[in-house]
Amino acid sequence: MGGCFSVAGDVRGGMEAVGGGGGGRSHGGAAAQQGGPNDAVDHFFQARGLRGLYTPIELSFSATKLRNMDAFSKSDPMLVVYTNIKGKLEEIGRTEVILNSLEPSWITKATMSYQFEIVQPLIFRIYDVDTKYHQTSVKLLKLDQQDFLGEACCNLSEIVTKFNHSLTLNLRSDCGHGLHGTMTVHAEESDSSRMAVEMTLHCLNLENKDVLSKSDPFLRISKLVETAGPIPICKTEVVINNLNPVWRPITLTSQQYGSKDNPLLVECFDFESSGNHELIGAFQTTITQLENLYASKSGANFYSHKGQRKMKGQLFVDQLQEKVQHTFLDYISSGFELNFMVAVDFTASNGDPRVPQSLHYIDPSGRPNSYQQAILGVGEVLQFYDNDRRFPAWGFGARTQGHVSHCFNLNTATNDSEVVGVEGIMSAYTSSLYAVSLAGPTMFGPVINRAADIASQSLQYSNNKYFVLLIITDGVLTDIQETKDCIVRASDLPLSILIVGVGNADFQQMEILDADNGKRLESSTGRIATRDIVQFVPMREVQGGQISVVQSLLEELPGQFLQYMRTRGIKPQQQAPPGHASAPVYPPQQ
Amino acid sequence: SFDPPPILVSPQLQEHMARKGTAMPMPSMTLEVTVVSGEAVRVPSGRPLCHGAYAVVRTATSSAPTRVDGDADCHGFPYWAEAVRVALPAGAPALDVEICCARGGGRPAEPVAAARVPVEDFTVGPPGHLHCLSYRLFDSGSCGIRRRNGIVNITVRRLDGAPVGAAGKAAAVPAAGKAVGAAGPSGSGASCSGAAAGLGKPAAPAGAVMGYPLGC
């Protein structure tokens, strides 16, 4: 090895612990600091079609004032829940039949996985099951032979953002008329999804892989999934030149390891700066078996690559404790908000909005242009996490009232920075197109500063707001250093920045702002970003792919939110939020 | 695609710059500074800082050292997560964090690298709010050339003026057992680094697609 005296920052970055939480004791290296899974983990997920991890949710249902369809008794209701995938209804589950009740409270629950980054529409239909079918298993019931009692629909995010995770909906008839009855759906995140295990691991008698010095070992823990093979969930830092290494504590969340009996693969590698780490040994285990190792103080033997040869190297568990971690939904349902803000690029390089080639062209057929797609896609997901749905919306790079502005209110009618709802953003955007003349250059500094000002002002009032700025742009930045300075400053604020690149420009510099490569942004004054708050996606790259632009943009947000809250020791509120009409987020504009 | 070159600075930017320029002088403050860790720190000889690494937080009127990092094999990545308290006099523009190397044999400690922390960086939130900050270190060398060195990670909290309850809430000392997230040794949210490295992300199963509400 011998490279330890010339470690460049990026090599060292590769030696940091990732994905294990580190219990706050990690070196604070770039990778750990930014909290994102490392490239290897990300690559695995993408290559195998698995992105991120599951948040299983259990839905339970009740209804009141159902219609009575039976002549001599009351209805015998059953509820069926569907989700809408690509315009097609897919059944998630159905409840048992409750006899003779107009106020049923069903016992059977439906499970699905909550995904922050997509809208998950749910449709609930209630049927009166005819007596002659009561011996039939509910799974086999033909629904068109049953009497329809009413339906309701909502999005999963509307349920999970409610205090108590409960939402009551009015029932409608099959032709859309309102009915007297209501139904209530309750979403429960299983307690186990809050569990995490913190462990301190060490090894004895590892095999030496280096010629002139000893091995530089690190551990990688993967979850074994039948269909996808091993998915890395955590790696430790590298301990240099040591065959009996002790690593800093790692934390595995239950969302990472699944169940305690889910097979895990523990691999020990000798670190090579080339990235071709040499396997020292591996073995298969589970959290339960690791608990047994800890209790018995015994070691687990590593095996050679092919698994036949038992090696003398052993792994020991020095410490093991279970912890409870607050989840994203714990924060959201206790009154924490994601506040959405938008900034749209009005530079001349977009092309004259009146010609169809323009990126800003409003198609009379109603087909949204790239800007509209991005606003709609992100706005539709985020709107449910913002109580008042008043979104600041700005434009930049256009000539307004005679001079070029790099941050003007999109709402040209009232010149109020806020608009109401996603529809409000859409109409303000269209009206701006006719009210301003496209100019340039492309600068992000002023809009990021404006968003950062709002985020820092909100800190004075409360710590339960997190801000999300969406910037949609076609161009190459002229103020890259100013932008970096703003982002570095904002990394200590409750703010994340999503950038969508439209058109065919070279967006390489955006990748620099999106610190996924593990290099931390540095400002001109020597301040360094404490976390990655920028997520960049070019519109063209993801079009036609499996993952939509919006999903790839949004999937890091819950992690960035949690990292901000947890590192500052901010916890979900225990009581119900005092009404939704809370104090203004920030003082009104002059 | 190219846009015309910059012609003039927008009124918003001018306003922003003006605002930054005319900041009110800050009153005196008591600060809790947690020096979390250093990254890729080199001693003057060019080798990674290994033995005897400690940090000193300095203001015009006070200074406070951390303990020496017990890990002699830190290879330029010292770790303390230790909170110290300093007083910052009114109007002071900044405080300094210096990394030093204690040496054996009765020799004086060697200054290694330092970073300056402007007051604006930790007065964004109200008193009691924890600011997580990182800075480029520059050599403390006396040769007059300030060479870039590694990085230092710190957290800063203003103690005076913080409501007692609020300060406690923000500090959120993770209790043993049912602790939430990051438990730094100092217990004061010193874990800006790595605390959330293992966060689970909500999932999208293979082939998941965007859905749109049915117009409810």
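Residue positions within a chain follow its written sequence, with the count starting from 1. As a convention, the first chain written is A and the first ligand written is 1, with the rest following in written order. Local features in a predicted model are, by the rule used here, given only for residues with pLDDT of at least 70; side-chain atom pairs are given and counted only at 80 or more, and totals for whole chains, interfaces and linings are based on all residues. Side-chain figures throughout are based on the complete set of non-hydrogen atoms in the structure, without hydrogens or water.

### Quick look at the pairing of strand E8 (residues 178–189) of chain A
Residues and elements named next belong to chain A. Rules: Here, a strand pair is defined by DSSP locating no fewer than two bridges between the strands. Strands are runs of DSSP state E lasting at least 2 residues, helices are runs of H or I lasting at least 4, and numbering of each runs from the N terminus.
Of the strand pairs in this sheet, strand E1 (residues 55–64) and E8 are connected by eight bridges, and their pairing is antiparallel. Counterpart to Thr 64 in the pairing with E8 is Thr 182. Both strand E7 (residues 166–172) and E8 contribute to a ladder of six bridges, which runs antiparallel. Across the sheet, Leu 169 pairs through a bridge with Met 183, a residue of E8. In this structure, the hairpin formed by E7 and E8 is closed by a connection of five residues, where Gly 176 is found at a positive phi of approximately 95°.

### Looking at the packing of aromatic side chains
Going by this rule: Classification of ring pairs uses Phe, Tyr and Trp, with its six-membered ring standing for Trp, and accepts pairs whose centres are within 6.5 Å; under 30 degrees between planes counts as stacked, over 60 as edge-to-face, and the remaining range as tilted. To sort residues, take the accessible area from a 1.4 Å probe on protein chains only and compare it with the maximum for the residue type: under 20% means buried, over 50% means exposed, and anything in between is partly exposed. By definition, being over a ring means that NZ of Lys or CZ of Arg is both within 6 Å of the ring centre and within 35 degrees of the ring normal.
Evaluated as defined, the whole model comprises 20 aromatic pairs over all chains. For the ring pair Phe 336 of chain A and Phe 561 of chain A, a centre distance of 6.3 Å and an interplane angle of 85° mean the geometry is edge-to-face. One end of the pair, Phe 336 of chain A, is in the loop between helix H7 (328–333) and strand E17 (337–345); the other, Phe 561 of chain A, is in helix H15 (residues 557–567), and 225 residues separate them in sequence. Each member of the pair, Phe 336 of chain A together with Phe 561 of chain A, is buried. Taking the centre distance of 5.4 Å and the plane angle of 70° together, the rings of Phe 340 of chain A and Phe 391 of chain A count as edge-to-face. Taken as a pair, Phe 340 of chain A in strand E17 and Phe 391 of chain A in strand E18 (residues 390–396) lie far apart in primary sequence, 51 residues in all. The structure contains a cluster of three or more aromatic residues connected by ring pairs, namely Phe 116, Phe 328, Tyr 331, Phe 336, Tyr 385, Tyr 466, Phe 561 and Tyr 564 of chain A. We note Arg 125 of chain A situated over the ring of Tyr 82 of chain A; from NZ or CZ to the ring centre the distance is 5.4 Å. In this arrangement the basic side chain of Arg 248 of chain A is found over the ring face of Tyr 79 of chain B, its NZ or CZ atom lying 5.1 Å from the centre.

### What to know about the nonpolar core
Here is the rule: Note on terminology: a nonpolar core comprises buried Ala, Val, Leu, Ile, Met, Phe, Trp, Tyr and Cys residues joined through side-chain atoms within 4.5 Å. Residues count as neighbours in contact if any of their non-hydrogen atoms are within 4.5 Å of one another.
Counting 115 residues, the largest nonpolar core has Phe 124, Met 183 and Leu 495 of chain A as its most contacted members. If we skip the residues at most four places from it in the chain, Met 183 of chain A touches Phe 61, Ser 62, Ala 63, Leu 79, Phe 124, Ile 126, Ala 152, Leu 167, Thr 168, Leu 169 and Leu 171 of chain A.

### A look at the pattern of salt bridges
Working definition: two side chains of opposite charge can pair if their charged atoms are close together. All names here are of chain A. Where we set the bar: A pair is scored as a salt bridge if a Lys or Arg side-chain nitrogen falls within 4 Å of a carboxyl oxygen belonging to Asp or Glu.
Under the defined criterion, the tally for this structure stands at 24 salt bridges over all chains. Its salt-bridge partner being Glu 278, residue Lys 209 comes within 3.7 Å of it at the nearest N-O pair. With Lys 209 in the loop between strand E9 (195–204) and strand E10 (217–225) and Glu 278 in strand E14 (residues 278–285), the pair connects residues that are 69 residues apart, well separated along the chain. You can call Glu 278 partly exposed: its relative accessible area is 34%. A salt bridge links Arg 568 to Asp 492; the shortest N-O distance between them is 2.7 Å.

### Some thoughts on the sheet that holds strand E23 (residues 437–438) of chain A
All names here are of chain A. Ordered by their spatial adjacency, three strands build an open sheet running E20-E19-E23, and the pairing between neighbours is antiparallel. The open sheet has two edge strands with one neighbour each: strand E20 (403–405) and E23. One ladder, built from three bridges, connects strand E19 (residues 398–400) with E20; its direction is antiparallel. Each residue of the ladder has a partner; that of Arg 399, found in E20, is Val 404.

### Some points on unusual backbone geometry
When glycine is set aside, most residues are seen to have a negative phi, and most peptide bonds are trans. Put simply, Gly 440 of chain A and Pro 441 of chain A share a cis peptide bond, and its omega is 0°. The backbone of Lys 297 of chain A sits at a positive phi, close to 60°, despite the residue not being glycine. Relative to the helices and strands, Lys 297 of chain A is located in the loop between helix H6 (287–296) and strand E15 (300–303). When its relative accessible area of 58% is taken as the criterion, Lys 297 of chain A is described as exposed. Positive phi outside glycine occurs at Ala 40 of chain B, with the angle close to 50°.

### Notes on the UniProt feature "domain: C2" (unreviewed entry) in chain A
Short version of the rule: UniProt positions are given in the numbering used here, feature names are shortened, and annotations may be inferred rather than shown by experiment.
According to UniProt, the "domain: C2" (unreviewed entry) feature falls on residues 33–169 and 179–303 of chain A. In the segment residues 179–303 of chain A, helix accounts for 11% and strand for 48%; the C-alpha atoms at its two ends are 66 Å apart.

### Overview of the side chain of Ser 432 of chain A
Residues and elements named next belong to chain A. Defined as follows: Here a polar contact means two N or O atoms within 3.5 Å. Within protein one must be a hydrogen donor candidate and the other an acceptor candidate, and residues neighboring in sequence count only if both atoms are side-chain atoms.
By the secondary structure assignment, Ser 432 is in helix H9 (residues 421–435). Residue Ser 432 is classed as buried on the basis of its relative accessible area of 0%. Of note is the side chain of Ser 432, whose polar atom sits 2.5 Å from the backbone oxygen of Leu 410. Those residues in contact with Ser 432 that lie beyond four places of it in its chain are Phe 346, Leu 410 and Thr 412.

### Comments concerning the domain arrangement of chain A
All names here are of chain A. This is how the line gets drawn: Note that the domain bounds reflect an automated or database-derived domain assignment. Buried area: the accessible area, evaluated with a 1.4 Å probe, that two parts lose upon being put together, summed over both parts. Amino acid classes used here: Ala, Val, Leu, Ile, Met, Phe, Trp, Tyr, Cys and Pro are nonpolar; Asp, Glu, Lys and Arg are charged; the rest, including Gly, are polar.
If you check the domain split of chain A, you get domain 1 (53–188), domain 2 (191–322) and domain 3 (335–566). For domain 1 and domain 3, the distance between their C-alpha centres works out to 38 Å. Contact residues are listed per partner, giving nine residues for domain 1 and 12 residues for domain 3. Interface area for domain 1 against domain 3, summed over the two sides, is near 940 Å², with a carbon-plus-sulfur share of 71%. Run the count over domain 1 and domain 3 and you get zero salt bridges. Between the two partners, domain 1 and domain 3, sit one residue pair in polar contact (both at pLDDT 80 or more). Class assignment of the residues belonging to the side of domain 1 that touches domain 3 gives a composition of four nonpolar, three polar and two charged.

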